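Observations on the model geometry
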Amino acid sequence: MNVFQYFAENSTQIINLTIQHAQFVFYCVAIGSIISIAIGLLVSTGEPNPNRFSFDWWATGIREGSLLITAAVLTIPSLALFVLFLPITGLGVTTAIIVLTIYTLYTVLRNTVAGLTAVDRSVLESARGLGYGRVRRLLTIQLPLAWPVILNGIRVTTLISISIAVVASIVQGPGLGKLLLTGITRIGASNAFPQVLIGTVMCLVVAAFFEIIFAIVQRLTIPRGIRV
Amino acid sequence: MSETENMIVLEAVEKVYPGSTAPAVERLDMTIPKGEIVMLIGPSGCGKTTTLKMVNRLIEPTSGRIILDGEDVTDVNGDLLRRKIGYVIQQGGLFPHFSIADNIGVVPKMLGWDKNKIRERADELLHLVGLEPSTYRDRYPRQLSGGQQQRVGVARALAADPPVMLMDEPFGAIDPITRDRLQDEFLEIQRTVGKTICFVTHDLQEAVKLGDRIAVFATGGRLAQYDDPDTVLTHPADDFVSDFVGGGAAVRRLSLLELSRLELHPVETDVAAVGNQNGTPVAEVDGAGRPVSWRHLPDRDAAGTALVTVPLSGTVYDAVDVMLDGSASLVAVVDDEGLPQGVLHWNDLVAGLKTRERER
Ligand SMILES: Nc1ncnc2c1ncn2[C@@H]1O[C@H](COP(=O)(O)OP(=O)(O)OP(=O)(O)O)[C@@H](O)[C@H]1O
Ligand SMILES: [Mg+2]
């Protein structure tokens, strides 16, 4: 059977799997980003003068620690991590979402920390001098100014997640992995090649879809004064 | 002097940074009267910025008291305190993602002003600092030049009409010509707003030009002298100050002396006075009464001497400048309308300048 025939006969299933794949990635990236941004905000308040050593030491510790752990996790082969979670959370969507979410953390956290700490010192100092408290400064000055960098981190993590999500099908996770894995395990059989090819192409379609979404979000959420 | 006439009082204020043994600012006592500009000056690292930031508690003093308008603010909430004190820094520090109007409105907004009132205030202040509101209010900081950003920084600090302004080298990163203009505008604005201003600089010229008083800091955070500019230049308190003020103090002092404070020589515009024997120069004037050339000069060829003028609002320094520039040994001092008010001779400079009492 050739690729086009296969697609025509299984279009409903393929489209459903593609939508599922996009949703799967979306949820994991959303959860992961919220967690990462929250941690990032918590640990990088960027005091212009380090008078309060206690808080800064504590914050620096958490920051470096969480960066180290999330980076280390990123180097574990995804296949292994999915399987390692099996005894704890079993087969299915839960394991898939937990593991993929873990993979999304590092890039967003790294970019959040980098973006927040790169905010111009003089801007932060004048904010403090005008009577901005720590929280107000963080939310109304640092976060909007760091947002382009953070958003870029989310974008990169989304692209990486699209391919890692495929692996989730070995724990019966959702998405295009099912199609690809079926094809790969039955390589040589008549439908195997069309399945792998279509799975791959559909991953690219999902990636293109997210790229468009990000271009729109960027346009809408980056403040006008700092748009390049 | 009663307590309320002093806006800022520092009592034995000291700062020792954590991890260092020597104080950055050493037991500082300083009193700043209402409505005056005090210039903090001294070599790099002598504690000027530290002193300034202790006034609004951006830096917490290690010991000592800070009294603002009669109220001890050493232990009040720092953020709330800072909303009542204007603060301008060298790099401007404008928020890049806020429009110019929003930048100016940040403190009023925190203080809960009404939206319309904030907008009107922003326009009013843009006007005050010489930026056309309709052109600039909706721009973003990156669309402004450095000098314009600095003006917005000043406007932002003035927004909630704080009685006190702290300025840390506000014109430090600006080219000399623009800086000169900003300084003139700054004095003009101060005439309108009458704030109590603490101003850090490391430019003695700037300190002399803008300051009602100058605080000279020595290395190690010691206040070496706190006096009016004339006294600092002419009577340095110790070797450090005289070294710091350096040679050329006499020349610098010229820029302190306003022509309006001098006893000028009379000048005539009446043709009948030509040939007078009492030494009064006679100028030829145009239709509006403005001097254009000399008709008669005592012991000199009037036709061979250029007539140069300097405004009465200028300083002796300006007068010397135009005399050198025009190779003239005398200069006509004119008022705002350009009418002659008197003359200043080159010889007056060495003979000693006679001043009238200063009216304040
Ligand atoms: N946060 C800090 N921690 C430790 N030491 C500091 C800190 N800030 C300033 N100092 C030290 O305190 C001293 C005074 O610094 P300050 O910034 O007040 O100097 P300054 O007079 O403003 O100098 P400049 O003209 O270079 O701006 C310097 O020796 C400096 O190294
Ligand atoms: Mg300084």
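These numbers come from a predicted model, not from an experiment. (Residues numbered from 1 in each chain as written. Chains lettered and ligands numbered in written order. Predicted model: local features only at pLDDT ≥ 70, side-chain atom pairs only at ≥ 80, totals over all residues. Heavy atoms only, no water.)

1. Some remarks on the pattern of salt bridges
Residue and element names in this part refer to chain B. Using the following cut-off: We define a salt bridge as a contact between a side-chain nitrogen of Lys or Arg and a carboxyl oxygen of Asp or Glu at a distance within 4 Å. For the purposes of this entry, the term helix denotes a DSSP run of H or I that reaches at least four residues, the term strand denotes a run of E that reaches at least two, and both are numbered from the N terminus. Burial status follows relative accessibility: with a 1.4 Å probe on protein chains alone, a residue under 20% of its type maximum counts as buried, one over 50% as exposed, and anything between as partly exposed.
Taken as a whole and judged by the stated rule, the model has 19 salt bridges over all chains. Where Asp180 meets Lys209, a salt bridge forms, and the shortest distance between an N and an O atom there is 3.0 Å. Of this pair, Asp180 sits in helix α8 (residues 176-193) while Lys209 sits in helix α9 (residues 204-210), and the two are 29 residues apart along the sequence. In this structure, the salt-bridge partner of Asp286 is Arg290, at a minimum N-O distance of 3.7 Å. Taking relative accessible area as the criterion, Arg290 reaches 40% and is therefore assigned partly exposed. The structure contains a network of salt bridges with shared partners spanning Arg65, Asp72 and Asp75.

2. Thoughts on the sheet that holds strand β14 (residues 330-334) of chain B
Residue and element names in this part refer to chain B. Note the cut-off: Strand pairing is defined by DSSP finding a minimum of two bridges between the two strands. Axis lines are fitted through C-alpha atoms, for helices just across the contact stretch, and the angle between N-to-C directions can take any value from 0 to 180 degrees.
On the basis of which strands lie adjacent, the open sheet formed by 3 strands has the order β13-β14-β15 and mixed pairing. Each end of this open sheet is capped by a strand with a single partner; those strands are β13 (309-311) and β15 (340-345). Going across the sheet, the axis of each strand differs from the next one's by a mean of 35 degrees, ignoring polarity.

3. Some thoughts on the site of ligand 1
All names here are of chain B. Cut-off, in case you're wondering: Being near a molecule or strand, for a residue, means having at least one of its heavy atoms within 4 Å of it. Counted as a polar contact is a pair of N or O atoms within 3.5 Å, where, for protein atoms, one must be capable of donating a hydrogen and the other of accepting one, and residues adjacent in sequence contribute only when both atoms are in side chains. Where accessible areas are quoted, they stem from the Shrake-Rupley method and a 1.4 Å probe; at the residue level, only the protein chains shown are allowed to cover.
With respect to spatial proximity, the complete set of residues near ligand 1 consists of Tyr17, Ala24, Ser44, Gly45, Cys46, Gly47, Lys48, Thr49, Thr50 and Glu169. Backbone polar atom of Cys46 to an oxygen atom of ligand 1: 3.3 Å apart, as the coordinates give it. The contact in question runs from an oxygen atom of ligand 1 to an N or O atom on the side chain of Lys48, over 2.7 Å. In the complex, the protein chains occlude 60% of the 630 Å² of accessible area that ligand 1 would expose alone.

4. Here we look at the domain arrangement of chain B
The following threshold applies: Note that domain bounds follow an automatic or database assignment of domains.
As far as domains go, chain B holds domain 1 (3-254) and domain 2 (259-269 + 279-359). Look at where the C-alpha atoms of domain 1 of chain B and domain 2 of chain B centre, and you get two points 37 Å apart.

5. Comments concerning helix α7 (residues 146-158) of chain B
The condition that has to hold: One less than the residue count of a helix, multiplied by 1.5 Å, gives the span that helix is expected to have.
Under the 1.5 Å per step criterion, the end-to-end length of α7(B) is 19 Å for 13 residues, consistent within 8% with the ideal 18 Å. When α7(B) is considered as a whole, its buried residues turn out to be Gly147(B), Gln148(B), Gln150(B), Arg151(B), Val152(B), Gly153(B), Val154(B), Ala155(B), Arg156(B), Ala157(B) and Leu158(B).

6. Some details on the interface of chain A and chain B
Going by this rule: We call two residues contacting when some pair of their heavy atoms lies within 4.5 Å. Take the accessible area each of two parts loses on contact, using a 1.4 Å probe, and add the two losses: that sum is the buried area.
Listed as interface residues are 24 residues of chain A and, on the opposing side, 27 residues of chain B. Taking both partners together, chain A and chain B bury about 2,200 Å²; carbon and sulfur atoms supply 58% of that area. On the chain A side of the interface with chain B, the three residues burying the most area are Glu125(A), Leu130(A) and Gly225(A), jointly 26% of the side's total. Across the chain A-chain B interface, the total number found is 1 salt bridge. For Glu125(A), the salt bridge identified is with Lys53(B), shortest N-O distance 3.5 Å. Counting the contacts that link chain A with chain B gives 11 residue pairs in polar contact (both at pLDDT 80 or more). Elements with a minimum of two residues in the side of chain A that touches chain B: α5 (121-129) and α6 (134-167) of chain A. Per-element tally for the side of chain A that touches chain B: the top contributor is α5(A), with 7 residues.

7. A word on the packing of α7(B) against α8(B)
Residues and elements named next belong to chain B. Defined as follows: Every angle not falling under 35 degrees, over 145, or within 65 to 115 is termed oblique; those three ranges are roughly parallel, roughly antiparallel and roughly perpendicular. Crossings are assigned a handedness: left-handed for a near helix turned anticlockwise from the far helix by less than a right angle, right-handed for a clockwise turn. When residues are sorted by character, Ala, Val, Leu, Ile, Met, Phe, Trp, Tyr, Cys and Pro go into the nonpolar class, Asp, Glu, Lys and Arg into the charged class, and all the rest, Gly among them, into the polar class.
Between α7 and α8, the shortest axis-to-axis distance is 12 Å and the interhelical angle comes to 15 degrees. Considered as vectors, α7 and α8 are oriented roughly parallel to each other. Both α7 and α8 take part in a crossing whose hand is right-handed. Contacts between α7 and α8 pair Gly147, Arg151 and Leu158 from the former with Arg181, Leu182, Glu185, Ile189 and Val193 from the latter. Classifying every residue of the contact of α7 with α8 by side-chain character gives 4 nonpolar, 1 polar and 3 charged.

8. What to know about the pairing of strand β7 (residues 164-168) of chain B
All names here are of chain B. The cut-off we apply is this: Note on handedness: a crossover is taken as right-handed if, strands pointing away from the viewer, the path from the first strand over the helix to the second is clockwise.
In terms of burial, β7 is a largely internal element, 5 of the 5 residues being buried. Here β7 shows no split at all, with Val164, Leu166 and Asp168 on one side and Met165 and Met167 on the other all buried. Relative to β7, strand β6 (residues 85-89) runs parallel, the two being bridged by 5 bridges. Bridging from a neighbouring strand, Ile85 pairs with Val164 of β7. Of the strand pairs in this sheet, β7 and strand β8 (residues 196-200) are connected by 5 bridges, and their pairing is parallel. Directly across from Leu166, in β8, lies its bridge partner Cys198. What joins β7 to β8 is α8, and the crossover it makes is right-handed.

9. Describing a nonpolar patch on the surface
Residues and elements named next belong to chain A. Our working definition: The patches described consist of residues with a relative accessible area above 30% and no salt bridge, like charges being joined within 9 Å and nonpolar side chains (Val, Leu, Ile, Met, Phe, Trp, Tyr) within 5 Å.
Residues Phe26, Tyr27, Ile31 and Ile35 make up a contiguous nonpolar surface patch of roughly 380 Å² in combined accessible area. Considering the arrangement of structural elements, one finds Ile31 in helix α1 (residues 3-43). Among the residues examined, Ile31 registers a relative accessible area of 40% and is labelled partly exposed.

10. What about the nonpolar core?
Side chains of a nonpolar character, in soluble globular proteins, are inclined to be buried together. Definition in use: In this text, buried Ala, Val, Leu, Ile, Met, Phe, Trp, Tyr and Cys residues form a nonpolar core when linked through side-chain atoms within 4.5 Å.
One finds Ile104(B), Phe186(B), Phe199(B) and Ile214(B) to be the most contacted residues of the largest nonpolar core, which totals 43 residues. For this core, the leading source of residues is α7(B), giving 5 residues. Setting aside chain neighbours within four positions, we find Phe186(B) in contact with Ile37(B), Met167(B), Phe171(B), Ile197(B), Phe199(B) and Leu210(B). By size, the runner-up hydrophobic cluster in this structure holds 41 residues, among which are Leu17(A), Phe24(A), Val108(A) and Ile198(A).

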